[in-house]
Amino acid sequence: IAEGIKQAGDIEVDLCDIEKMDMGIIEQKLIQASGIVLGCPTFSQTILMPIYQVFALINPIRDRNKLAAAFGSYGWSGEGAKIMTSAMNNLKLKVIDDGLMVKFTPHHEVKEKCIEYGRNFGLKLLECT
């Protein structure tokens, strides 16, 4: 997805492993970001705690209308992207769609789909800025 965003134009992409980052640093990155793409696997029909912690850092006044998207993987149910997009909408972010979910590990065909998803996000981001 990051590769696709970069292909869309001159866009700086900052990949973050939020499980290993200080919440203060994540908040600073959110403040500076023009767009937000969050990824998380579906686990026991929900998303993981670090994503909920990121949602607590998003300010619906400060971050209103920032472009946003969600993606994730799943094995059986796949609710992750819907949960994330719903939360993003509630936080007044401008969500591009219902999210991208991939069953198990992405293979070659799905990798191309992920790149295209990122490229689409990047093109929309360029339109907004």
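Trainee: Provide a residue-level description of the overall build of the protein, including the pertinent values.
Mentor: Helices and strands together make up the secondary structure of the protein, namely 5 helices and 4 strands. Put simply, the protein runs from its N terminus to its C terminus through helices and strands in the order α-α-β-α-β-α-β-β-α. Dimensions of the protein, computed from the C-alpha atoms along their principal axes, are close to 35 × 30 × 25 Å. Long-range pairs, those at least 24 residues apart, make up 73% of the contacts in the protein between residues at least 6 apart in sequence. Here the protein has roughly 7,700 Å² of accessible surface; of this, 52% comes from carbon and sulfur atoms. Across the protein, the 14 positively charged side chains and the 16 negatively charged ones have centroids separated by 4 Å.

Trainee: Provide a residue-level description of the pattern of salt bridges, including the pertinent values.
Mentor: According to the stated counting rule, one finds 6 salt bridges in the structure shown. The partner of Lys 66 in a salt bridge is Asp 63, with the nearest N and O atoms 3.0 Å apart. Taken individually, Lys 66 and Asp 63 each receive the classification buried, so the pair is uniform in this respect. Connected through salt bridges with shared partners, the residues Glu 27, Arg 62, Asp 63 and Lys 66 form a single ionic network.

Trainee: Please provide a residue-by-residue account of the layout of surface pockets, values included.
Mentor: Computed from the structure, the largest pocket encloses a volume of approximately 1,200 Å³. Around the largest pocket, the lining is made up of 42 residues, and of these Asp 14, Leu 15, Cys 16, Val 37 and Leu 38 lie nearest the centre. If you list the elements that add at least two residues to the lining of the largest pocket, you get α1 (2–8), α2 (23–32), β1 (35–39), α3 (49–57), β2 (67–74), β4 (100–103) and α5 (108–128). Ranked by residues supplied to the lining of the largest pocket, first place goes to β1 with 5 residues. Its residues placed into classes, the lining of the largest pocket shows 29 nonpolar, 7 polar and 6 charged.

Trainee: Which residues make up the pairing of β1, and what values do they have?
Mentor: Only one face of β1 is buried, namely the one carrying Ile 36 and Leu 38, since none of Gly 35, Val 37 and Gly 39 on the opposite face is buried. Summarising the sheet, β1 and β2 pair through 5 bridges and their orientation is parallel. Among the inter-strand pairings, Val 37 is bridged to a residue of β2, identified as Ala 69. In this fold, the crossover linking β1 to β2 by way of α3 has right-handed handedness.

About the cut-offs
- Residues numbered from 1 in each chain as written.
- Predicted model: local features only at pLDDT ≥ 70, side-chain atom pairs only at ≥ 80, totals over all residues.
- Heavy atoms only, no water.
- Helix = DSSP H or I, 4+ residues; strand = E, 2+ residues; numbered from the N terminus.
- Contact = heavy atoms within 4.5 Å.
- Areas by Shrake-Rupley, 256 points an atom, 1.4 Å probe, with all protein chains shown as cover.
- Lys, Arg positive; Asp, Glu negative; His and termini not counted.
- Charge placed at Lys NZ, Arg CZ, Asp CG, Glu CD.
- Salt bridge = Lys/Arg side-chain N within 4 Å of Asp/Glu carboxyl O.
- Buried < 20%, exposed > 50% of the residue type's maximum accessible area, 1.4 Å probe, protein only.
- 1 Å grid on protein atoms, 1.4 Å probe; cavity = no way out; pocket = protein on both sides within 12 Å on 5 of 7 lines; lining within 4 Å.
- Points joined across faces, edges and corners; volume = space filled by probe spheres on them.
- Nonpolar A, V, L, I, M, F, W, Y, C, P; charged D, E, K, R; others polar.
- Pairing = 2+ DSSP bridges.
- Right-handed = clockwise from strand over helix to strand, strands pointing away.

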